[in-house]
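Architecture and fold: a report
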Amino acid sequence: MTKNLLSMLLFVSIIFSSCTPEPIELNIENRFGQLPATALTPIQNPYSPEKAQLGKLLFWDPILSGNQDIACVTCHHPSHGYAEQLEFSLGVGGVGLSDSRRNGTVVKRNSQTILNTAFNGLKAEGNYTPELAPMFWDNRNTSLEEQAIEPILSAEEMRGHQISKTAIMDTILARLQSIPTYVTYFEAVFGENGITAENLGRAIAAFERTLIANQSRFDQYAAGNPNALSSLELRGMMNFIETGCANCHGGPMFSDFELHVLTVPENGKLPLIDDGDGTFAFRTPTLRNLDVTAPYMHNGVFSTLEEVLEFYDDAVDESQNPNIPSERRDEKLRQLELNDDELSSIVAFLRSLNDNDFDAEIVKEVPSGLNPGGNIDL
Ligand code: HEC
Ligand code: HEC
């Protein structure tokens, strides 16, 4: 409490004294920094509006799935912040959208948002390489281009069991080849014989790089508007730094993009223990747009931010997952210093990282003539 009061007083005095505004500005710049206005692109995949538009159609078109009933957007829908409010995804055979989705093959992880994935890998120093951008909760894939192929090959997410993993891509490319609109679009963007797996990934990635949400109230504050955050939120920001959250959730994305062992409890509704390849280590997720990324963690085991913070409070002392010995907890996790007052102000701060101003266009028609998004009952 004393510490809180002190930091608040310190903060308020810095804000209001006209001669010394600099130290706190510097502090924020160093720990977080602003998101750039646009994302870097790989040398092999320069941006063009036509390419992004083609990528958008592909993102919505269930033609990319084995049974032609599930698209990327099924689990990453703009009405749900390009994520879904499900603990873990329901893929092949599923019906419905987000928390009203039912049946469907269990995908063992919580769907990440595509918003700002254009900046995956961006660290506090401001440099990143889009070709090497880490993807997924366990960083097992790099770049949006490569990632876009994975769900198509996955039996649980889009492929199903009717078509083998080795045959699915050829099947999909042949389907695209048989649709004149796609032939025209691919040729316009990639030249003759443009319908290849690589170009499919490139077009989808180009679209994903347009899904940027960088105007949260925090961003407005970081850009120099001191009134963009309330005093509670500002106190939360200081506490977020001081308690040690920012040691992992630093940089403009509020993530170091590294893997850490937190000992998140298993989600009992999942048939298998998800041990992230035996390591139980998962990537620090962005804390931007937490409104749309609930439920939280790789397995969606927590439904509210308060639950997440209670978890941290307990995990500082001991492992919260019986499969992981306490000694394996990440050093930075053990160093967290939390108290109740700090927790509620931190939650307030985290809510200032939401930005609902992104491209949320609902695509009404896709070149295959199939239902955009597949069986989502819209
Ligand atoms: C059945 C639901 C489902 C479908 C369909 C789906 N995804 Fe995902 N997506 C997920 C889940 C779940 C994760 C997290 C998986 C993991 O970490 O192992 C994910 C992760 C991602 C990520 C990584 C984000 C990050 O920050 O690392 C990207 C990018 C992505 N999906 C794009 C796509 C694209 C493009 C398609 C279509 C080709 C697609 N998804 C289809 C559920 C789905
Ligand atoms: C040791 C590094 C580390 C520290 C310190 C840390 N986090 Fe995390 N955070 C992570 C990782 C890793 C995950 C994902 C864990 C998983 O899914 O199993 C995560 C997940 C989260 C999530 C869920 C986000 C989502 O979309 O699912 C929130 C919210 C969060 N952390 C907030 C905080 C707060 C607040 C603090 C300080 C009290 C904090 N974190 C401290 C690494 C860290």
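Right above here is the structure, for reference.
To keep things clear, this report deals only with the structure shown in the data block. (Residues numbered from 1 in each chain as written. Chains lettered and ligands numbered in written order. Predicted model: local features only at pLDDT ≥ 70, side-chain atom pairs only at ≥ 80, totals over all residues. Heavy atoms only, no water.)

Details of the site of ligand 2
Surrounding ligand 2, one finds 28 residues, the nearest of these being Cys-245, Cys-248, His-249, His-298 and Tyr-312. One of the side-chain nitrogen or oxygen atoms of His-249 is found 2.8 Å away from a nitrogen atom of ligand 2. In this structure, an oxygen atom belonging to ligand 2 sits 3.0 Å away from a side-chain N or O atom of Thr-293. Broken down by element, the shell around ligand 2 gets its largest block of residues, four residues, from helix α14 (residues 305–315). Of the residues in the shell around ligand 2, the class split is 19 nonpolar, six polar and three charged. (Near = heavy atom within 4 Å. Polar contact = N/O pair within 3.5 Å; in protein donor to acceptor, adjacent residues only side chain to side chain. Helix = DSSP H or I, 4+ residues; strand = E, 2+ residues; numbered from the N terminus. Nonpolar A, V, L, I, M, F, W, Y, C, P; charged D, E, K, R; others polar.)

Structural notes on the coordination of the iron atom of ligand 2
Taken together, His-249 (NE2) and Tyr-312 (OH) make up the full set of protein donors to the iron atom of ligand 2, lying 1.8 to 2.0 Å away. Relative to the metal, the six donor atoms surrounding the iron atom of ligand 2 lie at angles of 86 to 179°, and the coordination shape comes out octahedral. Here the residue His-249 occupies a position in the loop between α12 (231–242) and β5 (259–260), and Tyr-312 occupies one in helix α14, the gap between them amounting to 63 residues. Per residue, the accessibility class of His-249 equals that of Tyr-312, and both read buried. (Donors = N, O, S within 2.8 Å, 3.2 Å for Na, K, Ca; no water. Tetrahedral: all angles 85-135°; square planar, octahedral: opposite > 155°, others 65-115°. Buried < 20%, exposed > 50% of the residue type's maximum accessible area, 1.4 Å probe, protein only.)

A word on the pattern of salt bridges
Under the definition given, this model contains 14 salt bridges. Of the charged contacts, one joins Lys-56 and Asp-359 as a salt bridge, the two residues approaching to 3.0 Å between their closest N and O atoms. Here Asp-359 lies in the segment after α16 (340–351) and Lys-56 lies in helix α3 (residues 49–60), a separation of 303 residues in the sequence. For Arg-209, the salt bridge is made with Glu-145, and the minimal N-O distance between the two is 2.9 Å. One end of the pair, Arg-209, is in the loop between α10 (197–208) and α11 (217–222); the other, Glu-145, is in helix α5 (residues 144–147), with 64 residues separating them in the sequence. (Salt bridge = Lys/Arg side-chain N within 4 Å of Asp/Glu carboxyl O.)

Comments concerning helix α8 (residues 165–177)
Among all positions of α8, only Ile-168, Met-169, Ile-172, Leu-173, Arg-175 and Leu-176 are buried. Taken end-on, α8 shows its buried residues confined to a sector of 160°, consistent with a single buried face. Facing away from the buried side of α8 by more than 90 degrees, the exposed set consists of Thr-166 and Asp-170. Packing partners of the buried residues in α8 comprise α3, α6 (150–153), α7 (155–159), α9 (180–190) and α10. (Arc of directions from axis to C-beta. Contact = heavy atoms within 4.5 Å.)

As for the environment of Ala-213
Of note, Ala-213 is situated in the loop between α10 and α11. Considered as a pair, Ala-213 and Leu-115 are 98 residues apart in the sequence and their alpha carbons are 6.5 Å apart. The residues touching Ala-213, leaving out its near neighbours within four places in the chain, are Leu-35, Asn-116, Arg-288, Asn-289, Asp-355 and Phe-358.

Digging into empty space enclosed by the protein
For the structure on display, the rule yields one cavity of 30 Å³ or more. Counted as a void, the largest cavity has a volume near 40 Å³. When its residues are assigned to classes, the lining of the largest cavity shows five nonpolar, two polar and one charged. (1 Å grid on protein atoms, 1.4 Å probe; cavity = no way out; pocket = protein on both sides within 12 Å on 5 of 7 lines; lining within 4 Å. Points joined across faces, edges and corners; volume = space filled by probe spheres on them.)

Remarks on a negative patch on the surface
A cluster of acidic side chains, namely Glu-310, Asp-314, Asp-317 and Glu-318, defines a negative patch on the protein surface. As for its placement among the helices and strands, Asp-314 is situated in helix α14. (Patch = residues over 30% accessible without salt bridge, like charges linked within 9 Å, V, L, I, M, F, W, Y side chains within 5 Å. Areas by Shrake-Rupley, 256 points an atom, 1.4 Å probe, with all protein chains shown as cover. Lys, Arg positive; Asp, Glu negative; His and termini not counted. Charge placed at Lys NZ, Arg CZ, Asp CG, Glu CD.)

A look at the packing of α12 against α16
Look at α12 against α16: their axes get within 7 Å of each other, and the N-to-C directions meet at 110°. Relative to α16, the element α12 lies roughly perpendicular. Along the contact surface, α12 presents Leu-232, Glu-233, Arg-235, Gly-236, Met-237, Asn-239 and Phe-240, while α16 presents Asp-341, Glu-342, Ser-345, Ile-346, Ala-348, Phe-349 and Leu-350. Tallied by class, residues from the contact of α12 with α16 come to seven nonpolar, three polar and four charged. (Axes fitted to C-alpha atoms, helices over the stretch in contact; angles between N-to-C directions. Parallel < 35°, antiparallel > 145°, perpendicular 65-115°, else oblique.)

A short note on the site of ligand 1
In the vicinity of ligand 1, 29 residues are found, and the nearest of them are Cys-72, Cys-75, His-76, Phe-136 and Trp-137. With respect to ligand 1, the backbone of Phe-136 contributes an N or O atom lying 2.7 Å from an oxygen atom. Here Arg-283 contributes a side-chain N or O atom positioned 2.8 Å from an oxygen atom of ligand 1. At the level of secondary structure, the elements contributing two or more residues to the shell around ligand 1 comprise α4 (72–75), α5, α7 and α10. Taken together, the residues that form the shell around ligand 1 break down as 15 nonpolar, nine polar and five charged.

Points about the packing of aromatic side chains
Under the counting rule described, the total for this entry stands at 17 aromatic pairs. Members of the aromatic cluster, connected to one another through ring pairs, are Phe-32, Phe-218, Phe-240, Phe-254 and Phe-349. In this structure, Arg-140 is placed above the aromatic ring of Phe-136, and the distance from its NZ or CZ to the ring centre is 3.9 Å. (Phe/Tyr/Trp six-rings, centres within 6.5 Å; stacked < 30°, edge-to-face > 60°. Lys NZ or Arg CZ within 6 Å of the ring centre and 35° of its normal.)

Description of α9
Among the residues making up α9, those that are buried are Tyr-182, Val-183 and Phe-186. In an axial view of α9, the angular spread of the buried residues amounts to 100°, which keeps them on one side of the axis. In α9, those exposed residues whose orientation departs by more than 90 degrees from the buried face are Pro-180 and Ala-188. Where α9 is buried, its residues contact α3, α8 and α10. Just downstream of α9, Gly-191 is the residue with a positive phi angle, here 90°.

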